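Here is what each chain is made of, one letter per residue.
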Amino acid sequence: MAKKIGIGLVVLLLGLAVAIATRPDTFRVERSAVIDAPPEVVYGYVNDFHQWNRWSPFEKLDPAMTRTYGGTEAGVGAMYSWSGNSQAGQGSMSIKESTPGQRIALDLHFLKPMESHALTEFTFQPTPQGTKVTWAMSGPNTTLGKAISLVASMDKMVGKSFEEGLTSLKTVSEADAARRAAAPASAAPASSAQPAAAAPSPKP
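Residues numbered from 1 in each chain as written. Predicted model: local features only at pLDDT ≥ 70, side-chain atom pairs only at ≥ 80, totals over all residues. Heavy atoms only, no water.

Details of the packing of aromatic side chains
Phase 1: Per the stated rule, a full pass over the model turns up 13 aromatic pairs.
Phase 2: Considering the side-chain rings of Trp52 and Phe122, the 5.9 Å spacing of their centres and the 80° angle between planes classify their relative orientation as edge-to-face. Remark: Phe122 occurs in strand 6 (residues 116–127) and Trp52 occurs in the loop between helix 2 (39–47) and strand 2 (66–71); sequence separation between them is 70 residues.
Phase 3: Consider the rings of Trp135 and Phe162, whose centres lie 4.1 Å apart with planes at 10°: the pair is stacked. Highlighted residues: Trp135 in strand 7 (residues 130–140) and Phe162 in helix 4 (residues 154–182), separated in sequence by 27 residues.
Phase 4: Its relative accessible area of 2% is what places Trp135 among the buried residues.
Phase 5: A network of ring pairs unites the aromatic residues Phe49, Trp52, Trp55, Phe58, Tyr69, Tyr80, Trp82, Phe110, Phe122, Trp135 and Phe162 as a single cluster. (Phe/Tyr/Trp six-rings, centres within 6.5 Å; stacked < 30°, edge-to-face > 60°. Helix = DSSP H or I, 4+ residues; strand = E, 2+ residues; numbered from the N terminus. Buried < 20%, exposed > 50% of the residue type's maximum accessible area, 1.4 Å probe, protein only.)

Here's the deal with the side chain of Ser161
Phase 1: If you trace the backbone, Ser161 turns up in helix 4.
Phase 2: Apart from residues no more than four positions distant in its own chain, Ser161 is found in contact with Pro57, Phe58 and Trp135. (Contact = heavy atoms within 4.5 Å.)

Digging into the nonpolar core
Among soluble globular proteins, nonpolar side chains are generally buried collectively.
Phase 1: Phe49, Trp55, Phe122 and Leu169 are the most contacted members of the largest nonpolar core, which totals 36 residues.
Phase 2: For this core, the secondary structure elements donating two or more residues are strand 1 (26–35), helix 2, strand 3 (78–83), strand 4 (90–99), strand 5 (103–112), strand 6, strand 7 and helix 4.
Phase 3: Ranked by residues supplied to this core, first place goes to helix 4 with six residues.
Phase 4: If we skip the residues at most four places from it in the chain, Trp55 touches Tyr45, Val46, Phe122, Trp135, Gly165, Ser168, Leu169 and Val172. (Core = buried A, V, L, I, M, F, W, Y, C linked by side-chain atoms within 4.5 Å.)

Quick word on the packing of helix 2 against helix 4
Two quantities define a packed helix pair, namely the angle between the helix axes and the distance between the axes.
Phase 1: One can describe the packing of helix 2 onto helix 4 by two numbers: an axis separation of 9 Å at closest approach and a directional angle of 130°. By the criterion of interaxial angle, the relationship of helix 2 to helix 4 is oblique. Judged by the twist between their axes, the crossing of helix 2 over helix 4 is right-handed. Only Leu169, Val172, Ser173, Asp176, Ala177, Arg179 and Arg180 of helix 4 make contact with helix 2, whose side of the interface consists of Val41, Val42, Tyr45 and Val46.
Phase 2: Split by residue class, the contact of helix 2 with helix 4 holds seven nonpolar, one polar and three charged. (Axes fitted to C-alpha atoms, helices over the stretch in contact; angles between N-to-C directions. Parallel < 35°, antiparallel > 145°, perpendicular 65-115°, else oblique. Left-handed = near helix turned anticlockwise from the far one by under 90°. Nonpolar A, V, L, I, M, F, W, Y, C, P; charged D, E, K, R; others polar.)

Description of the environment of Phe58
Phase 1: Note on placement: Phe58 falls in the loop between helix 2 and strand 2.
Phase 2: Separated by 106 residues in the primary sequence, Phe58 and Glu164 place their C-alpha atoms 9.7 Å from one another.
Phase 3: Not counting chain neighbours up to four residues away, the residues in contact with Phe58 comprise Met65, Trp135, Ser161 and Phe162.

Thoughts on the side chain of Ser98
Phase 1: Considering the arrangement of structural elements, one finds Ser98 in strand 4.
Phase 2: There is a polar contact of 2.6 Å between the side chain of Ser98 and the side chain of Tyr43.
Phase 3: In this structure the side chain of Ser98 is engaged in a polar contact, spanning 2.7 Å, whose partner is the side chain of Asn47.
Phase 4: With near-sequence residues (within four places) excluded, Ser98 lies in contact with Tyr43, Asn47, Gly75, Val76, Arg103 and Ile104. (Polar contact = N/O pair within 3.5 Å; in protein donor to acceptor, adjacent residues only side chain to side chain.)

Observations concerning the sheet that holds strand 2
Phase 1: Read from one edge of the open sheet, seven strands run 1-7-6-5-4-3-2, paired in antiparallel fashion. Every interior strand has two partners, whereas the edge strands, strand 1 and strand 2, have only one. Across the sheet, the axes of successive neighbouring strands diverge by a mean angle of 15°, strand direction being ignored.
Phase 2: Pairing geometry for strand 1 and strand 7, over ten bridges, is antiparallel. Looking at the pairing, Glu30 lines up with Ala136 of strand 7.
Phase 3: On top of the sheet, helix 4 reaches strand 1 and strand 7; it is set at about 25° to strand 1, its chief contact. (Pairing = 2+ DSSP bridges.)

Next up, the structure:
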């Protein structure tokens, strides 16, 4: 009986190993939303890490999370690191590419709950309704990631958070665009890389 159980366990483990090995070597999660605001307005909330607490769903995972800002104030060279509870984890981000009103690319490095690297991209495309914003994350699929994907899809896990973030980004951007439209011309520059009336978050 014990021998049969042992053989069954070996067969199960081999099947699991084969299933894991057949999972894709890379992953990509992508979500989009149309925001009724000019590209430069939406871009400003992503290009400055100090503004992320106004819309990013990941900022809400731990109210006591420690945040550290470094490098440039915004744009290429800006850096941000965090350390929080088991939900927030620990990691860092840095902006490596930034084209005003068009595209932002970030290096994302997770340390906890497990170490991994990913590329995060935001693109801003003008449309008759405003701006189509696409938030995407891609990277190598580790063995652990492949195993987890057998029971929980990365697209479902991360995609829901992206959708929540884009909804919040839509709210703050459209409110900002409305304020600019209502303000006197002398008080509302035609173009700005940073959000209007958006004060930097206090550093911990």
